[in-house]
Amino acid sequence: MSQTVNINFRMDAELKKNMEKVCADMGLTMTTAFTIFAKKVSREKRIPFELSADPFYSESNIKYLEAIMEDVKSGKAHFAEHDLIEDD
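Structure report, in brief.

Scoring rules and cut-offs
- Residues numbered from 1 in each chain as written.
- Predicted model: local features only at pLDDT ≥ 70, side-chain atom pairs only at ≥ 80, totals over all residues.
- Heavy atoms only, no water.
- Helix = DSSP H or I, 4+ residues; strand = E, 2+ residues; numbered from the N terminus.
- Rg over C-alpha atoms; globule rule 2.2 N^0.38 Å.
- Phe/Tyr/Trp six-rings, centres within 6.5 Å; stacked < 30°, edge-to-face > 60°.
- Expected span 1.5 Å × (residues − 1).

1. Quick word on the overall build of the protein chain
Okay, step 1: Of regular secondary structure, the protein chain possesses three helices and zero strands.
Okay, step 2: Across the protein chain, helices and strands are ordered from the amino to the carboxyl terminus as α-α-α.
Okay, step 3: Relative to the compact-globule value of 12 Å for 88 residues, the protein chain shows a C-alpha radius of gyration of 23 Å, a clear excess of over 25%.
Okay, step 4: When the backbone C-alpha atoms are referred to their principal axes, the protein chain occupies close to 65 × 35 × 20 Å.

This is the structure we're talking about:
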């Protein structure tokens, strides 16, 4: 039989409260839910749901922003103040 250990991590209080409620509605504790998650990750060697990244931080966008900064530094790009444009 393997030894059990405690794991501590921080979570937003409202998120914890909501998760505890969902787990209770399913007849689970948060410990059981996290154990299920850990077993699935260990067995499948992947996160068992889809993850996606904010496209702002994509490699192509970072390169685009770096090129704009080079234009700013070299004087190619010029900025002008304008009124706020609101889209209705």
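Let us keep going from here.
2. Quick notes on the packing of aromatic side chains
Okay, step 1: Per the counting criterion, the structure on display carries three aromatic pairs.
Okay, step 2: Here Phe 9 and Phe 34 contribute two aromatic rings whose centre-to-centre distance is 5.2 Å and whose plane-to-plane angle is 85°, an arrangement assigned as edge-to-face. Separated by 25 residues along the polypeptide, Phe 9 in the segment before helix 1 (13–25) and Phe 34 in helix 2 (residues 30–44) bring together distant segments of the chain.
Okay, step 3: Measuring from ring centre to ring centre gives 5.1 Å for Phe 56 and Tyr 57, while their planes differ by 85°; the resulting arrangement is edge-to-face.

3. Digging into unusual backbone geometry
Across the chain, the bulk of peptide bonds are trans and the bulk of non-glycine residues have phi less than zero.
Okay, step 1: A positive phi angle, near 60°, is found at Lys 45, a position not held by glycine.
Okay, step 2: Counting through the fold element by element, Lys 45 comes out in the loop between helix 2 and helix 3 (59–74).

4. Notes on helix 2
Okay, step 1: For helix 2, which comprises 15 residues, the first-to-last C-alpha distance of 21 Å matches the rise-based estimate of 21 Å (1.5 Å per residue) to within 8%.
Okay, step 2: Lys 45, located one to two residues past helix 2, shows a positive phi value of around 60°.

The analysis is restricted to geometry; functional conclusions fall outside its scope.
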